[in-house]
Each structure stands twice: as C-alpha cells, then as structure tokens.
Amino acid sequence: MPRSVAVVGSGPGGMYVAQGLIDKSPGCRVDVFDRLPSPFGLIRGGVAPDHQTTKRVSRAFEKTMLSDGVRFIGNVEIGRDVEIGEIERIYDAVVLAYGAPYDNRLGISGEDKVNVFGSNAFVGWYNCHPDFIDLDPDLDIRTAVVIGVGNVAVDVARVLAKTREEMSVTDLPDYAADAIEASPVEDIYMFGRRGPVEAVFTNVELREMGQLENAKPIVDLGQLPEEVVAPQMSDRDRRLRIRNIETLRSFADVPAEGRRKRVHFRFFCSPVEILGGERVEAVRMEKTRVEDGRAVPTGETFEIPCGMVITCIGSRADAIDSVPFDERRGIVIHEDGRVREGLYAAGWVKRGAVGTIGTNKNDSLDVVERIVAEFAGAERDGPGGFDRVAAERGLRVVSYPEWQVIDRLEEQAAPDGAPRRKFATPAAMLAALEANGG
C-alpha cells in the first residue's frame, strides 16, 4: 500500500508540498485540508483584487488537485473537527502549512483604538474573506495612515486610491467598492521606519502607483539618495533598489491636476503612539536615521492627523494544541522542517511571513525531500481512515469537484468585465452547492 500524507492548509506552501509528493513519491496519497470550502489560501484571500494575473498561479494548483492520489478536504478544520493527534495517527506523515493569518502588533499605546486595523484584517475585508467581511472599517475619513512600505502596504494604499471604474474588472466585493467609492479620503500616508533603499516593495508594484487615475504619488525628493550604497546587499538586490529609487523619483512628474487623492511616501520615521479618544485621531511619529541597516530613533517627533490606521508590518501563525510553538516569532518550532516524528512544517508557519508566493516552492520541496527520506514503518490507513472519522462525525467535507461547482457559480454571477462575485461565507457556498445538486 502506498504512503499517505495529510497537508494542513491549501495555500501555496501546502500546494507545493502536495505537488512535490506526487513527483517524488509515486503512488503517494495526499489529502489537502482547509478549514474553508475554498482552496488556495492567500491566492484567494490575500492577493489584491486588481492583481488577477498573480491569482493565475491557482491554475497550476488546480492541476495538482486533479492529480491521481490528491484530494481536497475542504470545510474541515484541524483542531475543531479533527484533532492534530488523530490526523497524525491516520497518516504516515502530516505537514502543517496553514500560513500566518494573524497580524503582528506595533506594541505601542493606542493601537487598540477604533479604526486601527492590521493588514490581514483589512486585506481580508476587501478580499471578501469570511473571517473579515464584518470588519466594517469607517471610511468616512479624509486621511488614512498605512504603516509599512512593503508590497502589502502598496496594495492597501492602491486599493484605497483607485476609482470604482479602475476596480470594475476585479473581484472586489460590492460592499468594499461602495465604501471606497463613497469615502472622502484625500490623503493616504505610507510610513517606513528606514529609508527608500531598505523598502521591500517590488518595482512592479511600485510603478503602479504612478499610473492611478485619481491619485498622485508624492515623495520628498530630499529623502532619496543620489546613489545606492549598500555593501550588505547582493548586486541583484542593489540593482532592484536602484530601480525603486528611479521610480520614486519619477513620481514628481505625475501631474496633480485632475487627481483628487494623494499617496504620500514618507521614510525615516516610526510610529510611537496612536492618539485620540475611543477612536484614532492622529499618529505620533518619531524621526529615525539608518545605521548599519537599522532604524535608530532620533527623539524628534511629529503628528499626522488621521481617521484610520492600517498596519502592514508582517503576520504570524497561531499555535495548534500539542504542537511546539515559538510565540516570539509566531512560527512552529522545527528543525529543518521537522517538528517531530511524522510531523513537518512548510511555508509561512515554518519560516515566517516573508517572501513571495514563488518563494514557497523551493522551501516546500526541501520539506518533501525530508518526508520521503523519513518514511518508515508500516503504512497507515490514510484517506480511508479519515473518511471513516468524517462519516462517524457527520462532517460536511467539500471535495475539489464540489469546489469547482462553487467556483463556476461565482464566475457566472460576475458583473460584466469582472472575474467573479465571491460568496461571502462558507454557509453561502454550501447553500449554493446544495441548490445546484451538490
């Protein structure tokens, strides 16, 4: 009987593990679990709605899901419906790949005020993620502050700045489109603790900010270096930073006429306090300088009045019962991907929320190599064992063919030019599935 593996999480990290297993261990049976009826994790719930090209990686993941020996076990949550220990007893190996869905905190006074959000929550809201559809951000504001200068921060600022017409060809949900269109927001500030050389946005993302119909990007040219001196960087990284500096400098040529909104790029400053009563009214920032690649506070502060703050400072995983967990780093404790005998970790839950979608591939394949090398002992029940547990507990498992029905219904419901209209909740997905013979 062939080996069996349970992959907990159907995002990029988990899907690359699944593909690696069917390539490296012919005949291996792989069950990919997700707590939602929809697969592919941040491809659906994290990638910006106006980046449909990026979402196309799901086509490769679909081929994996349709491969012999691979099953999607949707709508089943490990730790709620089935305990991790049970899964470990059923399969020859278990891979934790459930991502890093929780926002890091600033650790400053005032960050619990009304209208202060982490990026996972805010991005989840405008991506119609079931966990965040009720977030209800108040966009009746003139100024928004985005803490961070990475790709997620650029995404957030861009979505707030775009017109409804620009977003009409995306899968932005109607409730978010209505709120953004009605918002009187005029100024969006992006703050980075370090300088433009250390900023981690990619040039493709950055260039988009100069192409917005109704927003002008504003950069203090005095904060841009004449040349990039970064001996700690590789030649490739240095070239990328030079390109970013050139793009930031080019924003000065974007006309302000006809554009109601402004996106301000501000470097060398760090938030020290969020001000206001019950809700946010301003952010106190402290100017910094960069020494040996680190932001050093100067003691000089200033305030930016605002009605909303979105922190884009990374994310973390959460612990599963009995799985060793590093609270400080927000990742599972492991040694080169091995948590304990038969239990492994891949993707962001293994190494933290860093890198791009593609970064997960080599990382996941390294874990696969270790799993295959460590297969030992008698084969376990695998998928058949799980099916018996699911039947005993009456679990409503969503298979990949059933997800394809939901997917098709979303596409059919799309307005002209848009790729889909998402179902907002698992209950809505299941109801639609049942109504269509599922």
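Reference entry: report on the structure contained in this document. (Residues numbered from 1 in each chain as written. Predicted model: local features only at pLDDT ≥ 70, side-chain atom pairs only at ≥ 80, totals over all residues. Heavy atoms only, no water.)

As for its placement among the helices and strands, Glu-286 is situated in strand 12 (residues 280-291). Although Glu-286 is buried, it forms no salt bridge, and the closest oppositely charged side chain is Arg-289 at an N-O distance of 8.6 Å. Excluding residues that lie within four positions of it along the chain, Glu-286 makes contacts with Phe-268, Cys-269, Ser-270, Val-272, Pro-297, Thr-298, Gly-299, Glu-300 and Thr-301. (Helix = DSSP H or I, 4+ residues; strand = E, 2+ residues; numbered from the N terminus. Buried < 20%, exposed > 50% of the residue type's maximum accessible area, 1.4 Å probe, protein only. Lys, Arg positive; Asp, Glu negative; His and termini not counted. Salt bridge = Lys/Arg side-chain N within 4 Å of Asp/Glu carboxyl O. Contact = heavy atoms within 4.5 Å.)

A word on the packing of aromatic side chains. Per the stated rule, a full pass over the model turns up 14 aromatic pairs. Between Phe-33 and Phe-386, the ring centres sit 5.0 Å apart and the planes meet at 85°, which makes this aromatic pair edge-to-face. Here Phe-386 lies in helix 14 (residues 383-393) and Phe-33 lies in strand 2 (residues 29-34), a separation of 353 residues in the sequence. For the pair Phe-33 and Phe-386, a shared accessibility class is recorded, and that class is buried. Centre to centre, the rings of Phe-191 and Phe-302 are 6.4 Å apart; their planes meet at 55°, and the pair counts as tilted. In this pair, Phe-191 is assigned in strand 8 (residues 187-191) and Phe-302 in strand 13 (residues 294-305), connecting sequence segments 111 residues apart. Every member of this aromatic cluster is reached through a ring pair, and the members are Tyr-16, Phe-40, Phe-61, Phe-72 and Tyr-400. (Phe/Tyr/Trp six-rings, centres within 6.5 Å; stacked < 30°, edge-to-face > 60°.)

In this section: the layout of surface pockets. Considering only enclosed or pocket space, the second largest pocket measures out at about 520 Å³ in volume. Lining of the second largest pocket is provided by 20 residues; of these, Lys-55, Ser-58, Asp-407, Glu-411 and Arg-420 occupy positions nearest its centre. Breaking the lining of the second largest pocket down by element, the ones donating at least two residues are helix 2 (42-45), helix 3 (52-55), helix 4 (57-65) and helix 15 (400-412). Here the lining of the second largest pocket takes 6 residues from helix 15, the largest share from any one element. Here the lining of the second largest pocket is composed, by residue class, of 6 nonpolar, 3 polar and 11 charged. (1 Å grid on protein atoms, 1.4 Å probe; cavity = no way out; pocket = protein on both sides within 12 Å on 5 of 7 lines; lining within 4 Å. Points joined across faces, edges and corners; volume = space filled by probe spheres on them. Nonpolar A, V, L, I, M, F, W, Y, C, P; charged D, E, K, R; others polar.)

On to the side chain of Lys-350. One can find Lys-350 in helix 12 (residues 348-351). Taking relative accessible area as the criterion, Lys-350 reaches 12% and is therefore assigned buried. In this structure, Lys-350 is in contact with Ile-331, Val-332, His-334, Asp-336, Gly-337, Ala-345, Asp-363 and Val-367, ignoring residues within four places of it in sequence.

Under the counting rule described, the total for this entry stands at 1 cavity of 30 Å³ or more. Quantified by volume, the largest cavity comes out at close to 50 Å³. Around the largest cavity, the lining residues are Val-159, Lys-162, Thr-163, Arg-164, Met-167, Leu-172, Ala-177, Ile-180 and Glu-181. When residues of the lining of the largest cavity are traced back to their parent elements, those giving at least two are helix 8 (164-167) and helix 9 (174-182). Among the elements that make up the lining of the largest cavity, the one with the highest residue count is helix 9 (3 residues).

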